[in-house]
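Fold and contact review
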Amino acid sequence: MDPFIAAAHEQAVTSLEEGGFPVGSVIVRDGQVIGAGFNRYTQTGDPTTHAEMEAIRDAAQGADDGHVLDQLVGATCYTTMMPCEMCAGAIIRFGLAAVVVAEVASYQAADTRSFLEERGIEVEIRDEEACKATVESYYAEHPQARGAGRPSDYRWPRLPL
Ligand SMILES: [Zn+2]
């Protein structure tokens, strides 16, 4: 497995171990992980704590004063699931260059691929079995969550994101 996908997956597993929905992300710049995070919505009750947002926040906190945005411009977001509209918006807003998605088979919060690509962000989608298996273990514990929150059945309240 790509080491950065593996790092994102490790974040997803941490969320799963905490009882959360397993999504993990890392921000990579110049071949180094500069930020990491996982979905903490279940853990915190804060619906903005998606993996990509957490990873972006973590990367920004590691920046020198006044260079928060420089840290993110041109970086790549490796994430275990397709970013939702909120996270895609942050990826665009902070000038990231690319998004690498581990898999889109188990769950897609939104189809943001064209939204990202139309704004010049490269999107690469992989098919990582280990990442799918981690989401499957979440569904095994929370069968009601399977398929919830997809764009076609967007209703409030929706689970698990
Ligand atoms: Zn999101």
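Residues numbered from 1 in each chain as written. Predicted model: local features only at pLDDT ≥ 70, side-chain atom pairs only at ≥ 80, totals over all residues.

1. Here we look at the overall build of the protein chain
Counting its secondary structure elements, the protein chain contains 7 helices and 5 strands. If you list the helices and strands of the protein chain from N to C, you get α-β-β-α-α-α-β-α-β-α-β-α. Across the 161 residues of the protein chain, 38% fall into the buried class. Here the contacts in the protein chain between residues at least 6 apart in sequence split such that 56% fall between residues at least 24 apart. (Helix = DSSP H or I, 4+ residues; strand = E, 2+ residues; numbered from the N terminus. Buried ≥ 20, exposed ≤ 12 C-beta atoms within 10 Å, placed from the backbone. Contact = placed C-beta atoms within 7 Å.)

2. Looking at the nonpolar core
Residues Val26, Ile27, Ala55, Tyr78 and Ile91 are the most contacted members of the largest nonpolar core, which totals 38 residues. Listed by contribution, the elements that provide at least two residues to this core are α1 (3-17), β1 (24-29), β2 (32-38), α3 (51-61), β3 (76-79), α5 (85-93), β4 (98-101) and α7 (129-141). Setting aside residues no more than four positions away along its own chain, valine 26 makes contact with Phe4, Ala7, Ala8, Gln11, Val33, Gly35, Ala36, Ala55 and Tyr78. (Core = buried A, V, L, I, M, F, W, Y, C linked by C-beta atoms within 7 Å.)

3. Concerning the confidence of the model for the protein chain
Predicted confidence across the protein chain gives a mean pLDDT of 89, with 89% of residues reaching 70 or more. Low confidence marks residues 151-159, where pLDDT is under 50. Its contacts with residues over four positions away, or in another chain, come to 8 contacts. (pLDDT = per-residue confidence, 0-100.)

4. Quick look at α5
Looking only at α5, the buried set comprises Cys87, Ala88, Ala90 and Ile91. Buried residues along α5 cover an arc of 160 degrees about the axis, so they all sit on one side. Looking at the buried positions of α5, the neighbouring elements they touch are α3, β3, β4 and α6 (113-117). Once α5 ends, the next one or two residues include glycine 95, with phi positive near 75 degrees. (Arc of directions from axis to C-beta.)

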